[in-house]
Amino acid sequence: MRSLSLLLAGILVLQLPPMVLAQDAPPKLNLVVVEGDGAINNIRQRTAREPIVQVEDENHKPIAGAAVVFSLPSQGASGTFTGGSHTLTVLTDSQGRAIAHGLKPNSVQGQFQIHVNASYNGQTASASISQSNALAAAGAAASAGISAKLIVILAVAAAAAAGGALYATGAIGGSSNTNTGTPAASLVTITPGTGTVGPPR
């Protein structure tokens, strides 16, 4: 009789739909990198792009009060947070965002990963943010290139304007200079040069 009861119980369990037997899956936590990924930090100026992440629930709604831990490498290209620490814990704001304030690059050039872990109500999520340390940030180098080109253009334009003004006043175009006997056209020479762009010295 007992074996029959066990057999009937087994049959009932097998007939129950899988959804009844399975427990509800816990809500999923999403960690989104908002800013800082791919940033190039300037070693000379000790400036860095502060990483910003956003913690969301499974419906992509921001979660306030989630704990976010930013972790930097302890060796090689890296940086530190305020107080010289390699880790920083921040709680997300009302928009679900956490900002790693106080990030300063170290003096080692190269790429590194910032590991980010978020936790809320027993749920966790993680992400990685790639950054690089360089002697001059790419943006600064690009702006330096633009400045150098602009200087060359302005110098050529100024020289041309000066030559035009001299011609208009009759200083150029005469057969000779009354003081030296040298042809006046030889007094103004415009030689275009080439701009050179390099790292700041």
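Figured I'd write up the structure that's included with this text. This structure is a prediction, so every number in the text was calculated from the model and none was measured.

Before going further, it helps to examine the overall build of the protein. The helix and strand inventory of the protein stands at 3 helices and 10 strands. Overall, the protein shows an N-to-C arrangement of helices and strands of α-α-β-β-β-β-β-β-β-β-β-β-α. By sequence separation, contacts in the protein at least 24 residues apart represent 61% of the contacts at least 6 residues apart. Accessible surface computed for the protein: about 13200 Å², of which carbon and sulfur atoms make up 59%.

In this fold, Leu103 is placed in the loop between β7 (97-99) and β8 (104-105). You can call Leu103 buried: its relative accessible area is 4%. For Leu103, the residues in contact, after removing those within four places along its chain, are Ala48, Arg49, Glu50, Pro51, Leu72, Thr80, Phe81, Ile114 and Gln131.

Attention now moves to the environment of Ile52. Assignment of secondary structure puts Ile52 in strand β3 (residues 52-56). C-alpha of Ile52 to C-alpha of His101: the two residues are 49 residues apart in sequence and 9.1 Å apart in space. Other than its neighbours up to four places away in sequence, Ile52 contacts Val32, Val33, Val34, Glu35, Arg97, Ala98 and Ile99.

As a further point, take the side chain of Glu56. Note that Glu56 resides in strand β3. No salt bridge is formed by the buried Glu56. Its closest oppositely charged neighbour is Arg97, at 7.6 Å. Looking at Glu56, its side chain comes within polar contact range of the side chain of His60, at 3.1 Å. Apart from residues lying up to four places away in sequence, Glu56 is in contact with Lys28, Leu29, Asn30, Val32, Lys61, Pro62 and Ile63.

Counting residues in each nonpolar core, the largest one holds 22 residues, and the members touching the most others are Leu31, Val53, Val55, Val68, Phe70, Ile114 and Val116. Secondary structure elements with two or more residues in this core: β3, β4 (67-71), β9 (110-120) and β10 (123-134). The dominant element in this core, judged by the number of residues it contributes, is β9, at 4 residues.

On to the sheet that holds strand β1 (residues 30-35), then. One open sheet accounts for 3 strands, arranged β1-β3-β7; its pairing is antiparallel. This sheet does not close on itself; its edge strands, each paired only once, are β1 and β7. On average, adjacent strands in this sheet sit at an angle of 25° to one another, irrespective of strand direction. Pairing between β1 and β3: 5 bridges, direction antiparallel. What sits directly across from Leu31, in β3, is Val55.

A few words now on the sheet that holds β9. The sheet built from 5 strands is open, its strands ordered β2-β10-β9-β4-β6 with mixed pairing. Every other strand in the sheet has two partners, leaving β2 (39-42) and β6 (87-91) as the edge strands with one partner each. Geometrically, the sheet is characterised by an average inter-axis angle of 30° between neighbouring strands, direction not taken into account. Here 5 bridges tie β4 to β6, and the two strands are oriented antiparallel to one another. Following the sheet pairing, Ala67 is matched in β6 by Leu91.

Rules behind the numbers
- Residues numbered from 1 in each chain as written.
- Predicted model: local features only at pLDDT ≥ 70, side-chain atom pairs only at ≥ 80, totals over all residues.
- Heavy atoms only, no water.
- Helix = DSSP H or I, 4+ residues; strand = E, 2+ residues; numbered from the N terminus.
- Contact = heavy atoms within 4.5 Å.
- Areas by Shrake-Rupley, 256 points an atom, 1.4 Å probe, with all protein chains shown as cover.
- Buried < 20%, exposed > 50% of the residue type's maximum accessible area, 1.4 Å probe, protein only.
- Lys, Arg positive; Asp, Glu negative; His and termini not counted.
- Salt bridge = Lys/Arg side-chain N within 4 Å of Asp/Glu carboxyl O.
- Polar contact = N/O pair within 3.5 Å; in protein donor to acceptor, adjacent residues only side chain to side chain.
- Core = buried A, V, L, I, M, F, W, Y, C linked by side-chain atoms within 4.5 Å.
- Pairing = 2+ DSSP bridges.
- Axes fitted to C-alpha atoms, helices over the stretch in contact; angles between N-to-C directions.

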